[in-house]
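Structural characterization, general
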Amino acid sequence: MASISPYLHLSPDPGIWLIQLFAIVLATVCINFVLMRVLDVVERAADRTASMWDDALIHAARLPLRLLVWVGGLSVAVRLIQAVKPSLVFDYAPEVRRVAIIAIVVMFALRLIRGVEENLTDPSRAIKPVDQTTAKAIGKLLRLAVLITATLVGMQTLGFSISGVVAAGGVSGIAIGFAAKDLLANFFGALMIYWDKPFKEGDWIRSPDKEIEGTVEEIGWRLTRIRTFDKRPLYVPNSVFNNIAVENPSRMQNRRIKETLGIRYDDAAQMAAICDAVRAMIRNHPDIDQDTTQIVHFNAFNASSLDFLLYCYTKTTKWVEYHKVKQDVLLKILDIVNSHGAQFAYPTQTLQLPGVEGELAQGAQARRPPQP
């Protein structure tokens, strides 16, 4: 009679070891069921706390713990079958078990990083939410570190020499660096974006140097995806941002209203009163920022009009609301001009011909009927 553990003794009778195998599988299922119920209770208790770390930990541990229980149960079952009926296939079971455990640990670490990243950027969970772009950058670096470490540990588990792998990587790293210099440039470009934060996901950006304008959807390690205003995706290599100027209108403090308005030369006497009335309207407008520059002054003698400059800033930075405010301001100016008996000018020309006025006057006198 053989033994694979202090508590499991084998019998040559197939009926007995098959029952033992069934008992191992049943015990694995029961342990898994009890473990999930315990996690449900712990999760409900964690939901009542203000901490966001316990929620991420429990959510990350659910699936890895279930897989770990199954790996343990199947390992015992495989050892039982190997003891009863040896096979070359089962000789690799220990290595497979160790690799599976490493994979489960990696899964837990990746799920935990993802959960913490989501909680840190969620305003309902974090008192001071972390910037989404920064959280994603740190999360990507941590996930990359976990995967590299797990790969090295897995190779060591399978019998590969880590020192040889590292040495080979150092020798070939120079050649790979030259071959993948564009890839490395884009990688470091992404690091600079994450570090300097000229823009983040969701920002509206544009460049005066390139035909780039739209909303940033994703900042990857190689490419940044921008959604243009005609809804087309624009993929920009990150290295491009190291060599161009980038405007970020999403971070503007105000939006500017700058208009040049002209009235007729016939209404020159009303110019000062119109400017005073428009200036008073701007100062009392609820949607105009009173802490910024405001200019309403007679500005220029134009070819067909007398121009005055309107210069002010709105409180809102939203594009649609800005146009609503601008419309309201311009309509009020229209009412002010009309209330002063003036009119806005449009392109006109006055033609004067020498001697024509005298001839027209003589012709009118000749056509006049004689007086009785």
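This text follows the structure it describes.
Below is a summary of the structure that appears in this document. Since we're looking at a predicted model, the values are computed, not measured.

Concerning the environment of Q290
With respect to the helices and strands, Q290 occurs in the loop between α7 (271-284) and β8 (295-301). For Q290, a relative accessible area of 36% translates into the label partly exposed. C-alpha of Q290 to C-alpha of K315: the two residues are 25 residues apart in sequence and 8.8 Å apart in space. Among the polar contacts made by the side chain of Q290, one reaches the main-chain carbonyl oxygen of I282 at a distance of 3.1 Å. At 2.9 Å, the side chain of Q290 and the side chain of Q294 are in polar contact.

Topic: unusual backbone geometry
In this structure, K197 is a non-glycine residue whose phi angle is positive, near 55°. At K231, a residue that is not glycine, the phi angle is positive and equals roughly 70°. Classification of K231 as exposed rests on a relative accessible area of 64%.

A few points about the sheet that holds β8
Pairing between the strands of a sheet comes from backbone hydrogen bonds, and it takes one of two forms, parallel or antiparallel. Strand order in the open sheet made by the three strands is β7-β9-β8, with antiparallel pairing throughout. Of all strands in the sheet, those with a lone pairing partner are β7 (255-263) and β8, marking the two edges. Taken pair by pair, the neighbouring strands of this sheet meet at an average axis angle of 25°, ignoring direction. Pairing between β7 and strand β9 (residues 306-314): nine bridges, direction antiparallel.

Concerning the sheet that holds strand β3 (residues 204-207)
One open sheet accounts for four strands, arranged β3-β4-β5-β6; its pairing is antiparallel. Each edge of the sheet is formed by a strand with only one pairing partner; in this case those strands are β3 and β6 (233-237). Strand-to-strand, the axes of this sheet are offset by a mean angle of 45°, without reference to chain direction. In this structure, strand β5 (residues 223-227) lies alongside β6, joined through five bridges in antiparallel fashion. Looking at the pairing, T224 lines up with V236 of β6.

Focus: helix α8 (residues 319-339)
Helix length check: α8, at 21 residues, gives a terminal C-alpha distance of 30 Å against a target of 30 Å (1.5 Å per residue), a fit within 8%. Taken together, the buried positions of α8 are Y322, V325, K326, V329, I333, I336 and V337. The arc that holds the buried residues of α8, viewed along the axis, is 115°, so those residues lie on one side. Exposed and oriented more than 90 degrees from the buried face of α8 are V320, K324, Q327, D335 and S339.

Description of helix α3 (residues 93-120)
For α3, built from 28 residues, the straight-helix expectation of 40 Å at 1.5 Å per residue is met to within 8% by its first-to-last C-alpha distance of 40 Å. Those residues of α3 not exposed but buried are I102, I104, V106, A109, I113, G115, V116, E117 and N119.

Structural notes on the pattern of salt bridges
Scanning the model with the defined rule gives 17 salt bridges in all. Connected via shared salt-bridge partners are E217, E218, R225 and R227.

Description of the packing of aromatic side chains
Two aromatic rings are characterised by how far apart their centres lie and by the angle between their planes. This model, assessed by the stated rule, comprises eight aromatic pairs. On the basis of an interplanar angle of 80° and a centroid distance of 5.2 Å, the ring pair of F298 and F301 is categorised as edge-to-face. Look at F298 and you get partly exposed, because its relative accessible area is 39%. Through a chain of ring-to-ring contacts, three or more aromatic side chains come together here, namely F187, F188, Y194 and W221. It is R37 that lies over the ring of F33; its NZ or CZ is 4.8 Å from the centre. Across the ring face of Y322, the terminal group of R255 is positioned such that the distance to the ring centre comes to 5.8 Å.

Brief notes about a nonpolar patch on the surface
Together, F33, V34, V38 and V42 give the surface a local cluster of nonpolar side chains, amounting to about 350 Å² of exposed area. Structurally, V38 is set in helix α1 (residues 14-47). With a relative accessible area of 45%, V38 lands in the partly exposed category.

Rules of the game
Residues numbered from 1 in each chain as written. Predicted model: local features only at pLDDT ≥ 70, side-chain atom pairs only at ≥ 80, totals over all residues. Heavy atoms only, no water. Helix = DSSP H or I, 4+ residues; strand = E, 2+ residues; numbered from the N terminus. Buried < 20%, exposed > 50% of the residue type's maximum accessible area, 1.4 Å probe, protein only. Polar contact = N/O pair within 3.5 Å; in protein donor to acceptor, adjacent residues only side chain to side chain. Pairing = 2+ DSSP bridges. Axes fitted to C-alpha atoms, helices over the stretch in contact; angles between N-to-C directions. Expected span 1.5 Å × (residues − 1). Arc of directions from axis to C-beta. Salt bridge = Lys/Arg side-chain N within 4 Å of Asp/Glu carboxyl O. Phe/Tyr/Trp six-rings, centres within 6.5 Å; stacked < 30°, edge-to-face > 60°. Lys NZ or Arg CZ within 6 Å of the ring centre and 35° of its normal. Patch = residues over 30% accessible without salt bridge, like charges linked within 9 Å, V, L, I, M, F, W, Y side chains within 5 Å. Areas by Shrake-Rupley, 256 points an atom, 1.4 Å probe, with all protein chains shown as cover.

Function cannot be read off these values alone, since they describe shape.
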